[in-house]
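Remarks on the overall topology
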Amino acid sequence: MCGILGLLLSDSGRDAASEICEGLSLLQHRGQDACGIVTCGHKGRFYQCKANGMVRDVFDDISISRLAGEMGIGHVRYPTAGSSNHAEAQPFYVNSPYGIVLAHNGNLIQSDSLLQFMDAVAHRHINTSSDSELLLNIFADNLQQTGKFRINEDDIFTAIGKLMKQCKGAYACVAMLAGFGIIAFRDPNGIRPVGMASRKTSCEKWDYVIASESIVADAGGFSDWEDVKPGEAVIITRTGVSKKCVAEPATFAPDIFEYVYFARPDSVLDGVSVYRSRMAMGDALAEEVRKVLMTKGLTVDVVIPVPDTSRVAALNLAQRLQLPYREGFIKNRYVGRTFIMPGQQMRRKNVRKKLNAMALEFSGKNVLLVDDSIVRGTTSKEIIQMAKDVGAKKVIVASCAPPIRHSNVYGIDMPSRTELVAYGRTTEEIAAAIGADLVIFQTLPDLVASVRQLNPSIETFDCSVFTGEYVTGGVDEAYLTHIESLRADHIKSRLVEGHNEAKGSKETAFRGRAPAIGSSGPVNGADDSVGLHNTWHVS
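These lines cover the structure that appears in this document, whether it is placed above or below. Note that the structure is a prediction, hence the values are computed from the model and not measured.

Here the focus is the sheet that holds strand E8 (residues 181-186). If you trace the 6 strands from one edge of the open sheet to the other, you get E5-E6-E7-E8-E12-E13, paired in antiparallel fashion. Lying at the two open borders of the sheet, with one neighbouring strand each, are strand E5 (92-94) and strand E13 (240-245). Taking each pair of neighbouring strands and ignoring which way they run, the sheet shows an average axis angle of 20 degrees. Strand direction decides the pairing type here: E8 and strand E12 (residues 232-237), joined by 4 bridges, are antiparallel. Bridge pairing in E12 places Ala184 opposite Val234. Along the sheet, helix H6 (residues 153-166) makes contact with strand E7 (169-177), E8, E12 and E13, crossing E12 at roughly 150 degrees.

This part takes up the environment of Leu108. Of note, Leu108 is situated in strand E6 (residues 100-108). For Leu108, a relative accessible area of 2% gives the class buried. For the pair Leu108 and Lys168, spaced 60 residues apart in the sequence, the C-alpha separation amounts to 5.8 Å. Excluding residues within four positions of it along the chain, Leu108 makes contact with Leu114, Asp131, Leu134, Leu135, Cys167, Lys168, Gly169, Tyr171 and Tyr479.

On to the pattern of salt bridges, then. Under the criterion given, the structure shown has 27 salt bridges. Here Arg199 ties to Asp207 by a salt bridge, and the two come within 3.0 Å at their closest N and O atoms. Arg199 sits in the buried class, given a relative accessible area of 15%. Linked through salt bridges whose partners overlap, the residues forming this network are Arg30, Arg192, Glu213, Asp255 and Glu258.

With that settled, the discussion passes to helix H15 (residues 444-452). Two residues of an α-helix separated by three or four positions point the same way, owing to the 3.6 residues in each turn. Looking only at H15, the buried set comprises Leu447, Ser450 and Val451. The buried residues of H15 all sit within an arc of 90 degrees when viewed along its axis, so they share a single face. The inward-facing, buried residues of H15 abut helix H8 (257-262), strand E15 (272-273), helix H9 (274-296) and helix H16 (464-467).

The subject of this paragraph is the packing of aromatic side chains. Tallied over the full model, the rule gives 10 aromatic pairs. Ring geometry for Phe139 against Phe185: centres 6.2 Å apart, planes inclined by 55 degrees, an arrangement best described as tilted. Taken together, the residues Phe139 in helix H5 (residues 131-144) and Phe185 in strand E8 connect sequence positions 46 residues apart. Per residue, the accessibility class of Phe139 equals that of Phe185, and both read buried.

Turning to the pairing of strand E1 (residues 2-8), a few remarks are in order. Burial of E1 is extensive: 7 of the 7 residues sit out of reach of the surface. The two faces of E1 match: Cys2, Ile4, Gly6 and Leu8 on one face and Gly3, Leu5 and Leu7 on the other face are all buried. Pairing analysis gives 7 bridges linking E1 to strand E4 (residues 71-77), with the strands arranged antiparallel. Residue Leu5 lies in a different strand from E4, and its bridge partner there is Gly74.

Turning our attention to unusual backbone geometry. Note the cis peptide between Gln90 and Pro91, where omega equals 5 degrees. Note that Pro91 resides in the loop between E4 and E5. Cis peptide bonds are those with omega within 30 degrees of zero, and the linkage from Ser96 to Pro97 qualifies with 0 degrees. Position of Pro97 among the secondary structure elements: in the loop between E5 and E6. Not every positive phi belongs to a glycine, and Tyr98 is a case in point at roughly 75 degrees. Looking at the secondary structure, you find Tyr98 in the loop between E5 and E6.

This part covers the packing of H9 against helix H10 (residues 311-321). Between H9 and H10, the least distance of the axes is 7 Å, while the angle of their chain directions is 45 degrees. Compared by their axis directions, H9 and H10 come out oblique. Both H9 and H10 take part in a crossing whose hand is right-handed. Touching Tyr275, Arg278, Met279, Gly282, Asp283, Leu285, Ala286, Glu287, Val289 and Arg290 of H9 are Val312, Ala313, Asn316, Leu317, Arg320 and Leu321, all from H10. For the contact of H9 with H10, the per-class residue count stands at 9 nonpolar, 2 polar and 5 charged.

This part covers the sheet that holds strand E19 (residues 366-371). With parallel pairing, 4 strands are arranged side by side in an open sheet as E16-E19-E20-E21. The open sheet terminates on both sides in strands that have one partner only, identified here as strand E16 (302-305) and strand E21 (438-441). Taken over all neighbouring pairs, the strand axes of this sheet differ in orientation by 25 degrees on average, direction set aside. One ladder, built from 6 bridges, connects E19 with strand E20 (residues 394-399); its direction is parallel. Across the sheet, Leu368 pairs through a bridge with Ile396, a residue of E20. Relative to the sheet, H9 contacts E19, E20 and E21, its axis offset from that of E21 by approximately 140 degrees.

All right, on to helix H17 (residues 477-487) then. When H17 is considered as a whole, its buried residues turn out to be Tyr479, Leu480, Ile483, Glu484 and Arg487. In a view along the axis of H17, the buried residues occupy a sector of 130 degrees, so they form one face of it.

Moving on to the nonpolar core. Core analysis: the largest hydrophobic core is formed by 44 residues, its most contacted members being Phe257, Val289, Leu317, Leu368 and Phe466. For this core, the elements supplying multiple residues, two or more each, are H8, H9, H10, E19, E20, E21, H15 and H16. Among the elements that make up this core, the one with the highest residue count is H9 (7 residues). For Leu368, the contacting residues outside a window of four places in its chain are Val289, Val300, Val302, Val303, Ile304, Leu317, Ile396, Val397 and Ala398.

The rules we used
- Residues numbered from 1 in each chain as written.
- Predicted model: local features only at pLDDT ≥ 70, side-chain atom pairs only at ≥ 80, totals over all residues.
- Heavy atoms only, no water.
- Pairing = 2+ DSSP bridges.
- Helix = DSSP H or I, 4+ residues; strand = E, 2+ residues; numbered from the N terminus.
- Axes fitted to C-alpha atoms, helices over the stretch in contact; angles between N-to-C directions.
- Contact = heavy atoms within 4.5 Å.
- Buried < 20%, exposed > 50% of the residue type's maximum accessible area, 1.4 Å probe, protein only.
- Salt bridge = Lys/Arg side-chain N within 4 Å of Asp/Glu carboxyl O.
- Arc of directions from axis to C-beta.
- Phe/Tyr/Trp six-rings, centres within 6.5 Å; stacked < 30°, edge-to-face > 60°.
- Parallel < 35°, antiparallel > 145°, perpendicular 65-115°, else oblique.
- Left-handed = near helix turned anticlockwise from the far one by under 90°.
- Nonpolar A, V, L, I, M, F, W, Y, C, P; charged D, E, K, R; others polar.
- Core = buried A, V, L, I, M, F, W, Y, C linked by side-chain atoms within 4.5 Å.

As structure tokens, then:
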């Protein structure tokens, strides 16, 4: 899962970088592995800063000051497959044709055939295992085929339309052409979110922002948020905005897990308030909990949310059931999210560093813990044990989402099916696996209804992690086995170890030498990116 952002300012005398950095910090929840910004300045020159790490760690006043230009794009990343080295931090760059940078959220499901096409037909080198770089080069190759010295908007729309015929999967993208403008486009099924907004300046001109979530526009003083439609491309230049649907009609199916977990509650995606959808999930889950507790002859003394995403749903559930709502877990906000941490062992170690259970709210009580979802079960198991350690009599877990039994192939890091606690298990077996006295899951119809009631025009959602049905087609057992081999925890651990070893070797090789500021390739001792000089940690 990733976050993307693009910004174009009407005033050529202002730099966009600081505002892009602020916007990326609002999207930090979408990826904490790496981040990057590329801006475009005088005469179409690109300026880049990207590295592994969070926004606050990668960008400081010095690095921001070096990112000149009134337009730029940014990215926060969490890898769904492949490695975690600096080379895969986005945005990606190609110099031909015209100079293009691109940032992407999603995942392509036929990367192997596209790589073969790049090699045998387009004769373009792909330097990383990221399908974002692949998307960029497909776009660049389509533009190259115009053979023009200067392209126009129709050429760009045609190139993106061809890309959408070539690429299958989920992709929300923002791109920038040197000296031309910024571009956004979204896959024909609209699986991943992206939208745009505008802001009138004191000079009666317009600034424009493109982002994964509307919160970026709200915080920046932009208005008139519009979601990019499925199969639509948007081109923004200093002279205006052009939009065109460039793909054949397809089933609109935004990923329902955005509303369950990923998106910020203060965002609105495809006309649906994430906050309101979670309220509705809590109401629906309350009725399911009431029914199951009555059947089991159990009672509950208190409702406690698992911070942070489940708070909204838990409060509504407690109100509907007329039960006390309490904050039983205190969170250390300076520890990262465990769900998107690479490696099972790292997640397990960080749960108790991240949360502390208050005995006052647990001791001697039958507790109903409300969580947004149960994925691997690692976090749930630790949290349940923490509740019991401080004296809870019974721990019942209610999940706002149905059991997750299938891989996500559209850009969420849900790895091997065998690493999912619900895979091949009944509800009772899941409860035993995580140490709960009872587990109650939201039903899929109730989950869908909770979101759809806020925008009835959305007839279908991507619910593949619950159903195993993939809206794009083209996902078979061979593909699932292949992608699981890339995402499994033990594979990621090896990749991280290998990267750390390589990093150590490089640091040794360049110890005592100043980085070569004029160089942009791996030999500069500071970074693994190719094509643009990277200002990260250059003094």
